[in-house]
Amino acid sequence: MNLLIVFFFWGFCQATSIPLSKDNPEINYQNVIFEYQLEDFSYAHYNQAVKQLFAIFESKLSKRIGPGPKRKVGLKIYTASGYGLSTPKALVVSVINQLEGRGFSKNEIFIIDEDSYNLRQSGFLPPLSHGGDTFEGVKVHSFDEDIHWDSDWHYISSLPSRQAFSRVSFQEDRTKSYLPVTLMTDADFWINLPMVTSHESTCVSGALTNATIFNINNNRRFIHNPINAAIAIAEIAAIPEVQETLIFTLLSLESYQFIDGTNFNARYTKSEPILWLSMNAPAIDYLMYEKINHCRKNANLPIFEEIPYFFAYCKSLNVGDYTDTSIIKLK
């Protein structure tokens, strides 16, 4: 397998390709983005891509993608934009297939996202008339139907305060956003499978938002508030239990949108045959932020002139460094 490493520097994307030696002690693989160039978006090519990305991740990070003591793994997908811009089903099936090949059974894998309506619209839940709550034999959970929130686990933020994660007794309080503890306490690990759009508050909605503010209840107070969205994204991402159980982000560029936020608009979408895997969610989002600005400029749309604050805040909280990353190309 031919591997290339491409270095990206803050503020611009001037890339240099050099051969990657078998063992390079100068590379921090936790910051690396592993990239696979897809031939097309079919299941066969997604499956080959996921197989190789999982293998290189295990090799370079010395982490095993397999069952632990709990024998459970979660897949946090994205369906907030509906059918037109949801996590590709072929990618999800490929991930399930590779997890099965590593020792998980289908009843030990679960899919999770916010809204049952969007899950149905995107094809991850069957129509109500058909009944059922599985996708390809895998249980699908939605926040609005069958996720039971734990009163001890929530993110508290009395707007516009900057209070962080807290474990306190349960109260019906609109300042609290509950976390899906099934990902953090019931699973050995979980995989983040976002999609990318522009966003009025965060400029880019992608890896970080899918793992944080699109992964809690009562999140509207953050989504439309730039300051509190940035704080919440970084602080939720920094929760130790989130960092310990989120193994990596797997992002497909099959479709991404550069206008209108989460409201799908096919006219303002782009597609690249690329699949990224990384532990460094801020780096993924920063590169997508640059891609979105490039698309907006070419379409004669206003660009986002300020770098979102959550990138720097995530760096300060050791969530990930968007200024020091590299891409390793597998194909």
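It should be noted that the structure appears before, not after, this text.
In every chain, residue numbers begin from 1 and rise along the written sequence. At least 70 in pLDDT is required for a residue's local features to be given in this predicted model, at least 80 for side-chain atom pairs to be given and counted, and no such filter applies to totals for whole chains, interfaces and linings, which use all residues. Side-chain numbers come from the whole structure's heavy atoms, not from hydrogens or water.

Strands here are runs of E lasting at least two residues and helices are runs of H or I lasting at least four, both read from the DSSP assignment and numbered beginning at the N terminus. Across its full length, the protein chain carries ten helices and 18 strands. Accessibility here uses a 1.4 Å probe with only protein chains present; expressed as a share of the type maximum, an area under 20% marks a residue as buried, one over 50% as exposed, and anything in between as partly exposed. Out of the 331 residues belonging to the protein chain, those deemed buried represent 56%. Contacts spanning at least 24 positions in sequence make up 72% of the contacts within the protein chain whose residues lie at least 6 apart. Entry remark: accessible area of the protein chain is about 14,300 Å², with carbon and sulfur atoms responsible for 50%. Any two residues whose heavy atoms approach within 4.5 Å are treated as being in contact. All accessible areas in this document rest on Shrake-Rupley with a 1.4 Å probe, and a residue is counted as covered only by the protein chains that are shown.

Throughout, the protein atoms alone are placed on a 1 Å grid, and a set of points is a cavity if a 1.4 Å probe fits but cannot get out or a pocket if it is open with protein on both sides within 12 Å along at least five of seven lines; lining residues have an atom within 4 Å of a point. Grid points are joined across faces, edges and corners, and a volume is the space filled by probe spheres set on the points. Looking at the largest pocket, its volume works out to about 400 Å³. For the lining of the largest pocket, the elements supplying multiple residues, two or more each, are α5 (207-211), α8 (240-245), β14 (246-252) and α9 (281-298). The residue makeup of the lining of the largest pocket, split by class, is eleven nonpolar, nine polar and one charged. Amino acids outside the nonpolar list (Ala, Val, Leu, Ile, Met, Phe, Trp, Tyr, Cys, Pro) and the charged list (Asp, Glu, Lys, Arg) are all regarded as polar, and Gly is one of them.

This part is about α9. By definition here, a helix of n residues has an expected span of 1.5 Å times n minus one. The first and last C-alpha atoms of α9 sit 26 Å apart over 18 residues, in line with the 26 Å expected at 1.5 Å per residue. Of all 18 residues in α9, 14 are buried; the element is thus mostly enclosed. The term polar contact refers here to a pair of N or O atoms within 3.5 Å; inside protein, the definition further demands a hydrogen-donor-capable atom paired with an acceptor-capable atom, and it admits residues adjacent in sequence only when both atoms are side-chain atoms. With a side-chain oxygen positioned 3.2 Å from the backbone nitrogen of Ala 283, the residue opening α9 is Asn 280.

Time to look at the pairing of strand β7 (residues 138-142). Counting buried residues in β7 gives four out of five residues, a clear majority hidden from the surface. Pairing between strands requires that DSSP locate at least two bridges from one strand to the other. Alignment of strand β5 (residues 109-113) against β7, held across four bridges, turns out to be parallel. Residue pairing across strands places Ile 112 opposite His 141, the latter belonging to β7. The sheet contact formed by strand β6 (residues 134-135) and β7 spans two bridges and is antiparallel. Within β7, the residue paired with Phe 135 across the bridge is Val 138. Hairpin geometry of β6 and β7 is characterised by an intervening segment of two residues between the two adjacent antiparallel strands and by a positive phi of about 50° at Glu 136.

Bringing the packing of helix α1 (residues 43-61) against helix α2 (residues 89-101) into the picture now. For any two helices packed against each other, the geometry is given by the interaxial angle and the distance between the axes. Simply put, an axis is a line fit to the C-alpha atoms, just over the touching stretch for a helix, and the angle between two N-to-C directions goes from 0 to 180 degrees. Two elements in contact, α1 and α2, have axes whose closest approach is 8 Å; the angle formed by their N-to-C orientations is 50°. With respect to α2, the element α1 is oriented oblique. Here α1 runs over α2; the crossing is right-handed. Within the contact between the two elements, α1 uses Tyr 43, Tyr 46, Asn 47, Val 50, Lys 51 and Phe 54 and α2 uses Ala 90, Leu 91, Val 93, Ser 94, Val 95, Asn 97, Gln 98 and Leu 99. Across the contact of α1 with α2, the residue classes break down as nine nonpolar, four polar and one charged. If an angle is under 35 degrees, it is roughly parallel; if it is over 145, roughly antiparallel; if it lies from 65 to 115, roughly perpendicular; otherwise it is oblique. Each crossing gets its handedness from the near helix: less than a right angle anticlockwise from the far helix is left-handed, clockwise is right-handed.

Think of it this way: a Phe, Tyr or Trp ring, Trp meaning its six-membered ring, pairs with another when their centres are within 6.5 Å, and the plane angle makes it stacked under 30 degrees, edge-to-face over 60, tilted otherwise. Inspection of every chain in the model, using the stated rule, returns 15 aromatic pairs. Geometrically, the ring pair formed by Tyr 29 and Phe 34 is stacked, given 6.5 Å between the ring centres and 5° between the ring planes. An identical accessibility class is assigned to Tyr 29 and Phe 34; each is buried. Here a set of aromatic residues connected by ring pairs shows up, and it is made of Tyr 286, Tyr 289, Phe 310, Phe 311 and Tyr 322. Think of it as a cone above the ring: NZ of Lys or CZ of Arg counts as a charge over the ring if it is within 6 Å of the ring centre and within 35 degrees of the ring normal. In this structure, Arg 296 is placed above the aromatic ring of Phe 304, and the distance from its NZ or CZ to the ring centre is 4.4 Å.

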